[in-house]
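Residues per chain, in single letters:
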Amino acid sequence: MAIDLTRAPGAPGIAPRWTSSAKSGVGTAISADSRVWFTLSHGILNEVYYPEVDSACTRDLGLIVTGAASYFSEEKRHATSRVSLLAPGVPAFHLRNTALDGRYEVEKDVLTDPASDVVLQRIRFTPRMGSLADYRLFALLAPHLNNRGAGNTAWVGHVDGVPVLFAERDGHALAFACSTPWRSRSVGFVGVSDGWQQLRADGWLAEPYERADSGNVAVTGEIDLAASGGTVVLALGFGATAADAGRRAVASLSHDFDVVAANYIAGWRQWHFTRTASAAAPDTRPLVDFSTAIMRAHESKTFPGGVIASLSVPWGFRKGDDNLGGYHLVWPRDLVETAGGFLAAGAHDDAARALQYLQHTQEADGHWGQNMWIDGSPYWPGLQMDETALPILLVDLAGRAGALTPAERAQYWPMVRRAAGFIVQNGPVSPQDRWEEDPGYSPFTIAAEISALLVAADEADRNGEPAAAQFLRDTADTWHASIDDWIYVTGTELSARCGVDGYYVRVTAPDVADAASPKDGFVPIKNRPPSSATARAALTVSPDALALVRFGLRAATDPRITNTVTVIDAVLKAETPRGPAWYRYNGDGYGEHEDGSAFDGTGIGRPWPLLTGERAHWELAAGRAGRAAELARVMQAFAGDSQLLPEQVWDAADQPDRELMAGDATGSARPLVWAHAEYVKLCRSIEDGRVFDQPLQAFARYVSAAPPTPRTVDWQSCHKIRTMRPGRTLRIKTKTRVVVHAGVNGWSAVQDHDAVDTGLGVWITDLDTRGLVAGSQVDFTFYWPDTGRWEGTDYHVRVEDAPPAFAAV
């Protein structure tokens, strides 16, 4: 039987995987006419995204060199790579890849066509042993269209007589062309019939295939070294159809590469020129400018203001099609941090777009989803209360920075109002902390919530709602007065070991049954084996406590804070060859295993450079500007030659085989946009001599002056107190209209109280308990008039001189 050699055998190929998340470059044109983003690692292109920043369409694209005597060299594995910028502050890159055996060198200039959906690479292949005639050069591309490696179809074809390699899947297509026509071409299934297999076996495309249907495919084109002299331009074009992609790729090749590059660079330089503040001293300006560009390069061009967390898939080489999102999703927290970085850099229009995006993606009840695709569709279903508080703070920061006029600021009042309502309905506890893990009382979340409520109160006053403003301030004051009851511990073995009387903990559980305080319970430790998946709340600490200073609730020199810093440094500080960094918390499991193998659901958390920036902000607030500047230089060191800040850095002995070197990026993610924003804000803070993004309202209310004594103590379904101190009014909060049936000391003096609508989604009932002495008890239950039913459960709050206790939720 005759074999049809035009169709590749071996469908569907091996299971698809993504690739390294430790990028050495990411870029896109500033122009909205170019809807394509590229990433670099190991000297080659990695994921290319089209038509949106959350839609990866390739795995990688690199070169293979073959020659006599079965010579085979794949540049991503068999060459060292150095990366530099084509121009300061511009995400366009020059790569110099040198073969480990010294036989050749490849130089690449990588950018996108500002006028089209095309990634361009100018490639210069230079033999360092022998001549061009001694080598053959091939480009190998792995399509993963629309976030999937499976189900791709590839074929060879032509556009106006130009030979092109094509692939498509699910309404997405790519076309791969060369300025000197391909000498030979083939498509196939990865691991079976792709070009890599043929080149490794034969050194050339001995059996070229013309089509590979519905699988994990790769396309290979041979660069004609003799005709090109070793210098070519490769164009990778994208479109909704193969015809569109092909026309774009061929059209971009018709333009002079130097002219295209000049236009690309000019666009970015013009954008930098529009910024209204330097946010940097001369020694920090290069990384500030580049960091600001990296932040901007992660923004959508269809949904303005939507900035993803990172153009990477953490530990991608272990992950396949089921990991659709990676980090190319929008986290509201990261977006607010990024917008703050834009404001610090004077990129006001960019920050304003982020606010507009937040306004458009807010849920009807006032919160934001844990994370989302760029069009606002939810991805993970979690809820983190800080992600509802932070957009409120961004409105205030943008107003103070001059990015919003008073009229523009007023347009955000409905958004702020809904968010503040959600916070008072559901706070202060959060279903997840800012690390997306544990429920409970968390210092970062609490600080963000309280500060946001005070900002919202000011906005309410500006918009003619004084009653709402008073309610928001009352809630903030009540929660502020309870912070130490929730998360400050004393007399533990850890405090004794560190020589302090107490410290703030990472998180305390909201549902501690039969315990006097949330601090007495245990908290789950995610990403750890079952044998170490819980820890005592009182013995778990985090740099999150510094948020109490960052958001204006505590002075930097408050003994409770300095005690906590002592404990943090004893437990969480890591010294690396590039300088100090800190872990998220003790027992963290989000990172490589001890042997360096990739995170696979369990592991060991590694230090985060952005926490070095947060620590530097505390040092500045404490009056140690010199120390803050030292830590800014440490962050610069973590960026390394690539100028990209990673999520985590390696903290153990070097493991070259796993590409894990002390102080360098791990396999989690590089760049992390949030880390770049933190660096930009830090440099602005150092220049200003104060913390740039610290809210003024909380600092004025709780630090500059004696904190007001709260009038009330709150009880609500997510925050059920069991005790209260004398002299306070017991405020019952519900989400709907209710009649509170209440008495004292075993249901004597019973009265019914109608709840009052605050207009913020909360009904309040104030029980006058100010005259009750220690030992008294308040008894109450609910009647729900709208449904005509009784609660069926009695609740009791004792009046005691001791700190409040809490019931199980």
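Reading guide: rules and limits
Residues numbered from 1 in each chain as written. Predicted model: local features only at pLDDT ≥ 70, side-chain atom pairs only at ≥ 80, totals over all residues. Heavy atoms only, no water. Helix = DSSP H or I, 4+ residues; strand = E, 2+ residues; numbered from the N terminus. Buried < 20%, exposed > 50% of the residue type's maximum accessible area, 1.4 Å probe, protein only. Phe/Tyr/Trp six-rings, centres within 6.5 Å; stacked < 30°, edge-to-face > 60°. Lys NZ or Arg CZ within 6 Å of the ring centre and 35° of its normal. Contact = heavy atoms within 4.5 Å. Pairing = 2+ DSSP bridges. Expected span 1.5 Å × (residues − 1). Axes fitted to C-alpha atoms, helices over the stretch in contact; angles between N-to-C directions. Left-handed = near helix turned anticlockwise from the far one by under 90°. Nonpolar A, V, L, I, M, F, W, Y, C, P; charged D, E, K, R; others polar.

## Remarks on the environment of Arg-497
On the secondary structure map, Arg-497 appears in helix 15 (residues 493–498). Exposure remark for Arg-497: the relative accessible area of 61% places this residue in the exposed category. For Arg-497 and Leu-137, which are 360 residues apart along the polypeptide, the C-alpha to C-alpha distance reads 62 Å.

## Brief notes about unusual backbone geometry
What you tend to see is this: most non-glycine residues have negative phi, and most peptide bonds are trans. Residue Pro-428 follows Gly-427 across a cis peptide bond; omega there is 0°. Considering the arrangement of structural elements, one finds Pro-428 in the loop between helix 11 (413–426) and helix 12 (443–462). Its identity is not glycine, yet Ser-70 carries a phi of approximately 60°, on the positive side. Locating Ser-70 in the fold gives a position in the loop between strand 4 (58–67) and strand 5 (71–74). For Ser-70, a relative accessible area of 67% puts it in the exposed group.

## Regarding the packing of aromatic side chains
To describe a pair of aromatic rings, you give the distance between the ring centres and the angle between the ring planes. Applying the stated criterion to the full structure yields 30 aromatic pairs. An aromatic cluster is present here, built from Tyr-327, Trp-331, Trp-373, Tyr-379 and Trp-380 joined pairwise through their rings. The residue whose ring lies beneath Arg-434 is Phe-444, and the NZ or CZ to ring-centre distance is 4.2 Å.

## Regarding the environment of Gly-579
Relative to the elements of secondary structure, Gly-579 occurs in strand 23 (residues 579–582). For the pair formed by Gly-579 and Val-567, sequence separation is 12 residues and the distance between their alpha carbons is 19 Å. Beyond its immediate chain neighbours, meaning those up to four positions away, Gly-579 contacts Ala-574, Val-634 and Phe-638.

## Comments concerning the sheet that holds strand 29 (residues 756–757)
Spatial ordering of the open sheet is given by 24-26-30-29, a layout of 4 strands whose pairing is mixed. Pairing within the sheet leaves two strands with one partner each, and these edge strands are strand 24 (712–715) and strand 29. Direction of pairing for strand 26 (residues 729–734) relative to strand 30 (residues 763–767): antiparallel, over a ladder of 5 bridges. Looking at the pairing, Lys-733 lines up with Ile-764 of strand 30.

## A look at helix 12
For helix 12, with 20 residues, the first-to-last C-alpha span of 29 Å sits near the 28 Å given by 1.5 Å per residue. Of all the 20 residues making up helix 12, 17 are buried; the element is thus mostly covered by neighbouring parts of the structure. Downstream of helix 12 by a residue or two, Gly-464 has a phi angle that is positive, lying close to 75°.

## Quick notes on helix 6 (residues 285–297)
With 13 residues, helix 6 extends 18 Å between its outermost C-alpha atoms, agreeing within 8% with the 18 Å of an ideal straight helix rising 1.5 Å per residue. Among the residues of helix 6, Leu-287, Val-288, Asp-289, Phe-290, Ser-291, Thr-292, Ala-293, Ile-294, Met-295, Arg-296 and Ala-297 are the ones counted as buried.

## Some thoughts on the packing of helix 9 (residues 386–401) against helix 11
Between helix 9 and helix 11, the least distance of the axes is 9 Å, while the angle of their chain directions is 145°. Read as a crossing pair, helix 9 and helix 11 show a hand that is left-handed. In this structure, helix 9 contributes Thr-388, Ala-389, Pro-391, Ile-392 and Val-395 to the contact, and helix 11 contributes Met-415, Val-416, Ala-419, Ala-420, Phe-422 and Ile-423. Taken together, the residues of the contact of helix 9 with helix 11 sort by class into 10 nonpolar, 1 polar and no charged.

## Looking at the sheet that holds strand 12 (residues 162–169)
With antiparallel pairing, 9 strands are arranged side by side in an open sheet as 6-7-8-9-17-13-12-11-15. Each end of this open sheet is capped by a strand with a single partner; those strands are strand 6 (79–85) and strand 15 (211–215). Averaged over all adjacent pairs, the angle separating strand axes in this sheet is 20°, with direction ignored. Sheet topology note: the strand 11 (residues 152–159)/strand 12 ladder contains 7 bridges and is antiparallel. When the sheet's bridge partners are listed, Gly-157 is paired in strand 12 with Val-164. Where helix 5 (residues 257–274) meets the sheet, it contacts strand 8 (104–112), strand 9 (118–127) and strand 17 (231–239), and its direction lies at approximately 55° from that of strand 8.

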